[in-house]
Amino acid sequence: MSSIIDEHAIRSAPLRRTPYRYAVLADSFTDPALTRRLGAEFPREGFALSDRERAEPGQKRYRTFDHQLVRHDRPHTANLAALSPLWQQLVAELRAPGYRAALASLVPQAPDDLALEVRLTRYGPGCWIEPHTDRPDKVVTHLFYFNTGWQSAWQGDFRVLNGPDIEDVADRVRPALGTSLIMIRSDRSWHGVPPVSADCPQDRLTLLVHLHHPDGAR
Ligand SMILES: O=C(O)CCC(=O)C(=O)O
Ligand SMILES: [Fe+2]
């Protein structure tokens with residue numbers, strides 16, 4: 001099968017400069033039929049609640065359901081084995097040199113020893129992430145979304161923020177199937193996800209990829 005991820009779209013991503021360097025891709029995959037299948041086959045089982053609503057000072061608060069696929073370059077073999085063949089191919093592409101090189105090409109002077117983390121997240125009603133910049137060990141983040149028919153009343157939009165206030169919004173990204181967002185981490189890269197509404201009938205579905213310095217961890 002040909003590649004799923006559109007590496008050309010990543011390399012030519014229209015990076016914005018304010019309030020920090022980020023880009024939104026409307027079509028992240030090479031083929032609309034594959035995009036639809038990825039949405040339909042988004043994994044449902046094996047997610048664990050990560051709940052840190054009361055955090056230590058300096059740590060972000062969040063409530064999400066997470067499913068680790070790759071950590072410090074190492075695949076989580078059991079979790080990968082449970083994915084559909086198409087999703088297994090997607091993760092194989094994320095781990096291959098071509099995708100990494102495309103993503104790193106957006107970061108001036110990116111070190112070549114960066115480590116990869118890949119995680120799936122489901123946000124049920126009330127799930128959220130408070131505004132944060134991501135930890136300094138993160139270099140670049142790529143977030144893919146998989147929802148169909150997401151309504152703004154359900155909240156849960158990704159917010160590009162001008163600072164630590166969730167209402168100080170520079171841009172909003174709907175978690176729509178095929179859309180992805182690339183963010184270059186800096187001390188200004190504030191972002192957050194307001195709580196998904198109590199009456200939201202579907203989980204918000206995210207695939208998160210980080211390239212980070214090899215000695216860092218979440
Ligand atoms: O799910 C999202 O849209 C954002 C996730 C995020 O910012 C994070 O996990 O650090
Ligand atoms: Fe983040």
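Residues numbered from 1 in each chain as written. Chains lettered and ligands numbered in written order. Predicted model: local features only at pLDDT ≥ 70, side-chain atom pairs only at ≥ 80, totals over all residues. Heavy atoms only, no water.

How we decide: UniProt positions are given in the numbering used here, feature names are shortened, and annotations may be inferred rather than shown by experiment.
In the nomenclature of an unreviewed UniProt entry, the chain is known as 2-oxoglutarate-Fe(II)-dependent oxygenase superfamily protein of Kitasatospora viridis. One UniProt comment on the chain, placed under Cofactor (unreviewed entry), says "L-ascorbate".

Remarks on the site of ligand 1
The test is simple: A cutoff of 4 Å decides nearness: a residue is near a molecule or strand if any of its heavy atoms lies inside that distance of it. Pairs of N or O atoms are called polar contacts if they sit within 3.5 Å, as long as, within protein, a hydrogen donor faces a hydrogen acceptor (for residues adjacent in sequence, only side-chain-to-side-chain pairs). Accessible surface area values rest on a Shrake-Rupley calculation with a 1.4 Å probe, where residue burial reflects the displayed protein chains alone. Helix and strand definitions here come from DSSP, where helices need a minimum of 4 consecutive H or I residues and strands a minimum of 2 consecutive E residues; each element is numbered from the N-terminal end. The nonpolar class holds Ala, Val, Leu, Ile, Met, Phe, Trp, Tyr, Cys and Pro. Asp, Glu, Lys and Arg form the charged class, and all remaining residues, Gly among them, are polar.
Among the 14 residues in the neighbourhood of ligand 1, the closest are listed as Y123, H132, Y145, H191 and R204. Contacts to ligand 1 include R119, whose side-chain N or O atom sits 3.3 Å from an oxygen atom. In this structure, an oxygen atom belonging to ligand 1 sits 2.5 Å away from a side-chain N or O atom of Y123. Considered on its own, ligand 1 offers 300 Å² of accessible surface; in the complex 97% of this is hidden by protein. Mapped onto the shell around ligand 1, the elements with two or more residues apiece are β5 (115-123), β6 (128-132), β7 (138-145), β11 (191-193) and β12 (204-212). Of all the elements, β12 adds the most residues to the shell around ligand 1, at three residues. The class makeup of the residues in the shell around ligand 1 is seven nonpolar, three polar and four charged.

Quick notes on the nonpolar core
Filter applied, for reference: Residues belong to a common nonpolar core when they are buried Ala, Val, Leu, Ile, Met, Phe, Trp, Tyr or Cys residues joined through side-chain atoms within 4.5 Å. Only protein chains enter the area calculation, which uses a 1.4 Å probe; residues under 20% of their type maximum are buried, those over 50% are exposed, and those in between are partly exposed. Should any heavy atoms of two residues lie within 4.5 Å, those residues are counted as being in contact.
Counting 40 residues, the largest nonpolar core has I10, W87, F146 and L207 as its most contacted members. The dominant element in this core, judged by the number of residues it contributes, is helix α4 (residues 85-95), at five residues. Beyond its immediate sequence surroundings of up to four residues, F146 is in contact with F29, L38, G39, F42, W87, P175, A176, L177, L205 and L207. Counting residues in each nonpolar core, the second largest holds 10 residues, with L143, V160, V173 and L208 among its members.

A short note on the coordination of the iron ion (ligand 2)
Note the cut-off: The donor set covers N, O and S atoms within 2.8 Å of the metal, switching to 3.2 Å for Na, K and Ca, and it leaves out water, so a site may look short of donors.
Listed as protein donors to the iron ion (ligand 2) are H132 (NE2), D134 (OD) and H191 (NE2); their distances from the metal cover 2.1 to 2.3 Å. Here the donor residues of the iron ion (ligand 2) share one chain and are spaced in sequence as H-x1-D-x56-H. Summarising the burial analysis for this pair, H132 and D134 share the class buried.

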